[in-house]
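Chain residues, written in single-letter form:
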Amino acid sequence: MAELDDIIHQPLRLKIMAALNALPVSAGLEFARLKKLTGATDGNLGAHIETLAKAGYVSVEKAFVGKKPQTTVTATATGRGAFARHVATLQEIIAGRQG
């Protein structure tokens, strides 16, 4: 059986990756929307997005809309693959196929 992904397994990062993987491949979510979906604070969400970005699982795009900064987070192909493997491992555990 494959191992769980330690980066994704953390509850907040799992929520972030689940939300992003529910979107079409090239679509992302704004920071404010992710914050609302996860219930995280700005600092906590920012730190976990940074961890996912360093692993290559998400890309972060910062732009200005008018005079307001806007951060958009998108799952990368690497991140989508890692999430799919993580979910498959969880499904194996649930089904009792632990090796």
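Residues numbered from 1 in each chain as written. Predicted model: local features only at pLDDT ≥ 70, side-chain atom pairs only at ≥ 80, totals over all residues. Heavy atoms only, no water.

J.: It is not clear to me how the pattern of salt bridges should be interpreted in this structure. Could you clarify?
T.: Pairs can form between side chains of opposite charge once their charged atoms are near each other. The tally for this structure, following the rule as stated, stands at two salt bridges. A salt bridge links Lys-35 to Asp-42; the shortest N-O distance between them is 2.9 Å. A relative accessible area of 31% means that Lys-35 is categorised as partly exposed. Judged by relative accessible area, Asp-42 falls into the partly exposed class, the value being 44%. Where Glu-50 meets Lys-54, a salt bridge forms, and the shortest distance between an N and an O atom there is 3.3 Å. In this pair, Glu-50 and Lys-54 are both assigned in helix 4 (residues 42-54), four residues apart and thus about one turn of the helix distant. (Salt bridge = Lys/Arg side-chain N within 4 Å of Asp/Glu carboxyl O. Buried < 20%, exposed > 50% of the residue type's maximum accessible area, 1.4 Å probe, protein only. Helix = DSSP H or I, 4+ residues; strand = E, 2+ residues; numbered from the N terminus.)

J.: It is not clear to me how the nonpolar core should be interpreted in this structure. Could you clarify?
T.: Within soluble globular proteins, side chains that are nonpolar tend to cluster in buried spots. In this structure, Ile-16, Met-17, Leu-20, Leu-34, Ile-49 and Val-58 are the most contacted members of the largest nonpolar core, which totals 18 residues. Elements with a minimum of two residues in this core: helix 2 (11-21), helix 4, strand 3 (68-75) and helix 5 (77-95). Per-element tally for this core: the top contributor is helix 2, with five residues. Residues in contact with Met-17, not counting those within four places in the same chain, are Ile-8, Leu-52, Tyr-57, Val-58, Gly-79 and Phe-83. (Core = buried A, V, L, I, M, F, W, Y, C linked by side-chain atoms within 4.5 Å. Contact = heavy atoms within 4.5 Å.)

J.: Looking at this structure, how should I read the packing of helix 2 against helix 4?
T.: For any two helices packed against each other, the geometry comes down to the angle between their axes and how far apart the axes lie. Packing of helix 2 against helix 4 leaves a shortest axis separation of 10 Å and a crossing angle of 70 degrees. When the axes of helix 2 and helix 4 are compared, the pair comes out roughly perpendicular. Contacts between helix 2 and helix 4 involve Leu-12, Arg-13, Ile-16 and Met-17 from the first element and Asn-44, Leu-45, His-48, Ile-49, Thr-51 and Leu-52 from the second. Classifying every residue of the contact of helix 2 with helix 4 by side-chain character gives six nonpolar, three polar and one charged. (Axes fitted to C-alpha atoms, helices over the stretch in contact; angles between N-to-C directions. Parallel < 35°, antiparallel > 145°, perpendicular 65-115°, else oblique. Nonpolar A, V, L, I, M, F, W, Y, C, P; charged D, E, K, R; others polar.)

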